[in-house]
Amino acid sequence: MASALASKRLFHEYRTLSQGSVEGITAGPVSEENLFLWEALIQGPEGTPYEGGIFPAELKFPKDYPLSPPKMTFVGKLWHPNVYPNGEVCISILHAPGDDPMHYEKASERWSPIQSVEKILISVMSMLAEPNDESPANVEAAKMWRERRPEFDRRVRESVRASLGL
């Protein structure tokens, strides 16, 4: 039953997103047979070292979506304080609902069923522009972002060019 409700919700969210409501973001199911696995493309925000990049990602939705958040993983390397080395995105909106056991995030910042794929992708685009180095997934990237910003920016720009085959 939950799976059927999740499928209906995901189909509705896909229809909304496919109307091109958010500039710089494209997302949808990998196939019509499986609405629980999506691919996304996120453009690097202007005025950031990620500008000009196109970053592919994958979203895996649980069968009880929207009660639980999806997992989002960038496909390929992405140097960012809030992205684990395996590509998994670490951002409040993707954390399970309720109180944070570490008392770092407010419950209102975490996942809730009123969130949507569109809000997730907009949050991730904002995360690219403004990393949260207080709670990093990639400590080395966070340290470089905080202490050696020119080196961080150069590394990101080089990886953007490489990803575009330049």
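Look up: the structure comes first, before these words.
Residues numbered from 1 in each chain as written. Predicted model: local features only at pLDDT ≥ 70, side-chain atom pairs only at ≥ 80, totals over all residues. Heavy atoms only, no water.

Undergrad: Give me the lowdown on the packing of aromatic side chains, citing residues and values where you can.
TA: One pass over the full model with this rule turns up five aromatic pairs. Where Y50 meets F55, the ring centres are 5.9 Å apart and the plane angle is 75 degrees; that geometry is what we call edge-to-face. For the pair shown, Y50 and F55 are each scored as buried. In this structure, K63 is placed above the aromatic ring of F36, and the distance from its NZ or CZ to the ring centre is 3.9 Å. One cation-aromatic arrangement involves R149 over W145; the distance from NZ or CZ to the ring centre is 3.8 Å. (Phe/Tyr/Trp six-rings, centres within 6.5 Å; stacked < 30°, edge-to-face > 60°. Buried < 20%, exposed > 50% of the residue type's maximum accessible area, 1.4 Å probe, protein only. Lys NZ or Arg CZ within 6 Å of the ring centre and 35° of its normal.)

Undergrad: Any chance you could break down the nonpolar core for me, citing the residues and the numbers?
TA: Grouped together as the largest cluster of nonpolar side chains are 40 residues, with contacts concentrated most on M72, F74, L121 and V124. Listed by contribution, the elements that provide at least two residues to this core are α1 (2–17), β1 (25–31), β2 (34–43), β3 (54–60), β4 (71–74), α2 (117–129), α3 (139–147) and α4 (149–163). For this core, the element with the highest residue contribution is α2, accounting for seven residues. Sequence-distant contacts of M72, defined by excluding residues within four places in its chain, comprise I42, A57, E58, L59, G87, E88, V89, L94, I120, L121 and V124. (Core = buried A, V, L, I, M, F, W, Y, C linked by side-chain atoms within 4.5 Å. Helix = DSSP H or I, 4+ residues; strand = E, 2+ residues; numbered from the N terminus. Contact = heavy atoms within 4.5 Å.)

Undergrad: Explain the pattern of salt bridges to me, using residue names and the numbers behind them.
TA: When the charged atoms of two side chains with opposite charge come close together, those side chains can pair. Applying the stated criterion to the full structure yields four salt bridges. Here R9 ties to E13 by a salt bridge, and the two come within 2.7 Å at their closest N and O atoms. Of this pair, R9 and E13 both sit in helix α1, four residues apart, roughly one helical turn. When its relative accessible area of 22% is taken as the criterion, R9 is described as partly exposed. Here R148 ties to E151 by a salt bridge, and the two come within 2.7 Å at their closest N and O atoms. The partly exposed category is assigned to R148, whose relative accessible area is 35%. The class for E151 is partly exposed, based on a relative accessible area of 30%. (Salt bridge = Lys/Arg side-chain N within 4 Å of Asp/Glu carboxyl O.)

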